[in-house]
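These are the residues of each chain, in order.
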Amino acid sequence: MLFPRGARKLPPLNLTHQTPPWQEEFKGQVNLHVFEDWCGGAVGHLRRNLHFPLFPHTRTTVKKLAVSPKWKNYGLRIFGFIHPARDGDIQFSVASDDNSEFWLSLDESPAAAQLVAFVGKTGSEWTAPGEFTKFSSQVSKPRRLMASRRYYFELLHKQDDKGSDHVEVGWRAFLPGLKFEVIGSAHISLYTDESTLKMDHVDHVPQSPASHVGGYLPQEEPSADMLRPDPRDTFFLTPRMEPSSLENVLEPCAYAPTYILKDFPIARYQGLQFVYLSFVYPNDHTRLTHMETDNKCFYRESPLYLERFGFYKYMKMDKEEGEEDEEEVQRRAFLFLNADDFLDDEDEQELLDSLEPTDASLRQSHNTPITAASTKTAATPTPPTTSPLKEQIPRHSRALNWAPRPLPLFLGRAPPPRTAEKSSSKVYVTRVRPGQRASPKALRDPPWPPFPGIFVHPRPLPRVQLRAPPHPPRPQGHRTSGFQATELRPLVRAQATQKDQARAQGLTAPTVDLNSSAEAQPVTSFLSLSQVSRPQLPGEGDEGEDDGAPGDEAASEDSEEEEEAAGRPPGRWHEGAIDWQRTFSVGSVDFELLRSDWNDLRCNVSGNLQLPEAEAVDVVAQYMERLNARHGGRFALLRIVNVEKRRDSARGSRFLLELELQERGGSRLRLSEYVFLRLPGAHVGDEDGESPEPPPASSAHPDGRPELCRPLHLAWHQDVMVHFIVPVKNQARWVAQFLADMAALHAHTGDSHFNIILVDFESEDMDVKQALSVAQLPRYQYLRRTGNFERSAGLQAGVDAVEDPSSIVFLCDLHIHFPPNILDSIRKHCVEGKLAFAPVVMRLGCGSSPHNPHGYWEVNGFGLFGIYKSDFDRVGGMNTEEFRDQWGGEDWELLDRVLQAGLEVERLRLRHFYHHYHSKRGMWARRSRKGSRAE
């Protein structure tokens, strides 16, 4: 589990050969284990469940091998002994909805069980009740059984969320004409009595081939790029360079970014607006590419636009023979525009203000503090207009990132310089908010002429119907799908006001709903400003086309059917337009690099922002030049393992460099240090005045290029203690899994500098203290609290138990799958007095596992939080008064105070960092069936 793709030997199957003592009173019933709230209809889906087969939700018994609980999304494991009525050849058959498997042993040992009958393998197969002969696999071969012996059996059943659930096993003597009869209580008995055992007592649970088959089958190819091996996963095992070797490599400099909110009053939950993302190189493949068949929000266009037109806008169709030269027309294609044609942040804001005059008053209704930081619309501050650095700093639009000069991003002939009369022609590439339309002038004057293959025409034509399919009204606080910063960030507060209510009721946070279906959002693309139109088809007149009323673009799809009935061709490609010889040209485009550092809450399947290779290589080359100048060329660069950049466009950028070096005559070493690329003239003192910046030496770059320096007080410690703090209550199976994962982390990494603190709210389903004592952990602490479960109070109690203020506390959840480098990641991104760490976790969906991850990145969740204890105490700790009887929102409230204390919060998506799917059914001793369904 720690090294999912690493080379390791598979552990042997722990099969049960010796059965517990059997008693005569066990007759008449068999053991039944229920695994709740798990999607899929195949037995293979049940085996993917993290808790199968040891930790079911329910342990009970059943008196007949025919069960129909009238429920959904569950799995059953029924096991015990069969007592034949007479000697002879017996045939078995199983029927179920959905899949099922019936295993039978040659004797009473579970280790000898064999698959004798089954219904389906994919989850789509099913039978009606009593339909024992629908599939050939349902009926077993005849088995010779003896009435004087008992035989171990196991029945596995998986039900999805559709159909009439049932599973039954029938048998018959192997004689012509006999029908199958359900096996009743007279011929079955318990495997063992579980009525007096706690949930964490699992030694008695039988381990058979039925419960483990397929569990250890390695996949030939990973199902997603994010599962492939990456040097980051195990780089922490490489010995680190001595800090003394790096002391005088760079000149020291003060580190005080402009986006720090030291002692800055902000509104409730407004801290979400001041959390920024870092850029990463090389590609860590945290983008969920294997899920983009359902979610296309990563691309700039509306999903409805992509569904209808695809990516034709990014293509330039080749000219046919005899076609007149239209080079100038083709030059105006979207991907062949000059970089200056794109709007920067200021122009974008002016355009939106002109589109919706009431937008400014709407933004002013939120109590946003009037400061320099809050008045900027970009994700990071920009220098003043009068600053001499303005021309040297790249413009970072929320739509595209452009360098100070046009880069050869696209193929084809470079466009000529723009003339003065064309300077006002801007192309708006960021999406417009729903309901907004371009000004009449923009519609009358398209920004570029037409050319073959692009759906833009010089004259107005009927617009393409871009209406979303019917859907129920959105709940209050639902995010719009626009991409403008001034529009999105104030709406975070609207989401925040509902997060408390949603979590308190056990519901999913609103952002889950918002990001689950991008196609349900009526988003217009930027082409709406230039009259998005359908292709002109043969037979259509050039004259008499009407622009239509303002509401025409919202016309229903029924109008298209009326057009077909009237004989007019619909707004789609006509069969006559198909040309198998049509070829085209494209510009090389990397959508990863076109993203900005704007935290796009709308798209939760996109990964970490990608740092351009040229920028990462340039910074590494400068550092290696200084390092070898200091040590006489003793170190050689083997590879760049990881580079992380946090941008401050006013003063410079912070980098975390992780390099694999080869020492001359020595071994391979790991360099992992923070450096600062300071902009010329951006010399500042420490904000507290305690450590003024030393006078800078003569610039190493007389041409005014940025130079590297060593940021003061920004060094991380490799062996600092990390305390995992987890409050628990009646979560036996999850506590056992968490302790097993922590013990495996210790065994595989050899790192003993971490501590487990469990705060137990009177758990009744297991002895938590006993479980801690037997787990092979380097150190642990057990704290017991009385009363109802309170997450804030539990976390605060755990932090109070930590004595060393210079150690890291990691506020943790119980349902987490940790990557092998989790300790190293926490230490690297927590710096006392400077940095706190809130890694983004991937929430797995129902039926998904770490080996087959499907879900989303929880971009709004800050419940997993690493911070030095001294900083935690300085910000006031958890709010235990307000969040006494509820949970949800306490992480956002803590974030507000952390930012106000002057700390940065590092935000990165971590590979192999998952939040297991689980329902809230029965959590915290709320076991009533009616109450659990309400949750």
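Below is a short write-up of the structure.

## Brief notes about the environment of Tyr 255
- Relative to the assigned elements, Tyr 255 resides in the loop between strand 13 (252-253) and strand 14 (279-281).
- Residue class for Tyr 255 comes out buried when judged on its relative accessible area of 3%.
- Along the chain, Tyr 255 and Cys 709 lie 454 residues apart, while their C-alpha atoms are 9.9 Å from each other.
- Within polar-contact distance, the side chain of Tyr 255 engages the side chain of Arg 654 at 2.7 Å.

## A short note on helix 12 (residues 613-631)
- Taking 1.5 Å of rise per residue, the 19 residues of helix 12 would be expected to cover 27 Å, and the 26 Å separating its terminal C-alpha atoms lies within 8% of that figure.
- Here helix 12 has its buried residues at Ala 616, Val 619, Val 620, Gln 622, Tyr 623, Met 624, Leu 627 and His 631.
- Contacts made by the buried residues of helix 12 are with strand 14, strand 18 (635-648), strand 19 (652-663), strand 20 (668-678) and strand 21 (707-711).
- The first or second residue beyond helix 12 is Gly 632, which carries a positive phi of 65°.

## Looking at the pairing of strand 22 (residues 722-728)
- Most of strand 22 sits out of view: seven of its seven residues are buried.
- Residue alternation in strand 22 divides its side chains into two sets, Val 722, Phe 724, Val 726 and Val 728 and His 723, Ile 725 and Pro 727, and both sets are buried.
- Inspection of the sheet shows strand 22 paired to strand 23 (residues 754-760) by seven bridges, in the parallel sense. The residue of strand 23 that forms the bridge with Ile 725 is Ile 757.
- In terms of handedness, the path from strand 22 via helix 13 (residues 732-749) over to strand 23 forms a crossover that is right-handed.
- When strand 22 meets strand 25 (residues 808-811), the two strands line up parallel, connected through four bridges. Bridge assignment links His 723 to a residue of strand 25, and that residue is Val 809.

## Digging into the sheet that holds strand 28 (residues 840-844)
- If you walk across this open sheet you meet the four strands as 26-32-28-29, and the pairing is mixed. Since the sheet does not close on itself, it has two edges, and those belong to strand 26 (816-817) and strand 29 (855-857), each with one partner.
- Note that strand 28 and strand 32 (residues 909-915) share three bridges and pair parallel. Residue pairing in the sheet places Arg 843 in a bridge with His 915 of strand 32.

## Remarks on the state of the cysteines
- Tallying each qualifying case throughout the model produces two disulfides.
- Disulfide pairing is shown between Cys 39 and Cys 846; the S-S distance is 2.0 Å. Handedness of the Cys 39-Cys 846 disulfide follows from its S-S torsion of about 110°: it is right-handed. Separated by 807 residues along the polypeptide, Cys 39 in the loop between strand 1 (30-35) and helix 1 (43-47) and Cys 846 in the loop between strand 28 and strand 29 bring together distant segments of the chain.
- Here Cys 846 falls in the partly exposed class, since its relative accessible area comes to 24%.
- Covalently, Cys 253 is tied to Cys 709 through a disulfide, its sulfur atoms 2.0 Å apart. Taking the torsion about the sulfur-sulfur bond, which here is approximately 70°, the covalent link between Cys 253 and Cys 709 counts as right-handed. One end of the pair, Cys 253, is in strand 13; the other, Cys 709, is in strand 21, and 456 residues separate them in sequence. Comparing Cys 253 with Cys 709 shows no difference in burial state: the two are buried.

## Re the pairing of strand 21
- In terms of burial, strand 21 is a largely internal element, four of the five residues being buried.
- Alignment of strand 13 against strand 21, held across two bridges, turns out to be parallel. Within strand 21, the residue paired with Cys 253 across the bridge is Pro 711.
- Two elements, strand 20 and strand 21, share three bridges in a ladder whose sense is antiparallel.

## Focus on the packing of aromatic side chains
- Here the structure, examined in full by the defined rule, presents 20 aromatic pairs.
- For the pair Phe 92 and Phe 102, a centre-to-centre distance of 5.3 Å together with 35° between the ring planes defines the contact as tilted. Placement of the pair is Phe 92 in strand 5 (residues 88-97) and Phe 102 in strand 6 (residues 100-105), with a sequence separation of ten residues.
- Among the residues examined, Phe 92 registers a relative accessible area of 0% and is labelled buried.
- With a centroid separation of 5.6 Å and 80° between ring planes, the pair formed by Tyr 255 and Phe 676 is classed as edge-to-face. Taken as a pair, Tyr 255 in the loop between strand 13 and strand 14 and Phe 676 in strand 20 lie far apart in primary sequence, 421 residues in all. Across this residue pair, the class does not change: Tyr 255 and Phe 676 are buried.

Criteria and cut-off values
- Residues numbered from 1 in each chain as written.
- Predicted model: local features only at pLDDT ≥ 70, side-chain atom pairs only at ≥ 80, totals over all residues.
- Heavy atoms only, no water.
- Helix = DSSP H or I, 4+ residues; strand = E, 2+ residues; numbered from the N terminus.
- Buried < 20%, exposed > 50% of the residue type's maximum accessible area, 1.4 Å probe, protein only.
- Polar contact = N/O pair within 3.5 Å; in protein donor to acceptor, adjacent residues only side chain to side chain.
- Expected span 1.5 Å × (residues − 1).
- Contact = heavy atoms within 4.5 Å.
- Pairing = 2+ DSSP bridges.
- Right-handed = clockwise from strand over helix to strand, strands pointing away.
- Disulfide = S-S within 2.5 Å.
- Phe/Tyr/Trp six-rings, centres within 6.5 Å; stacked < 30°, edge-to-face > 60°.

All we've got here are geometric facts, nothing functional implied.
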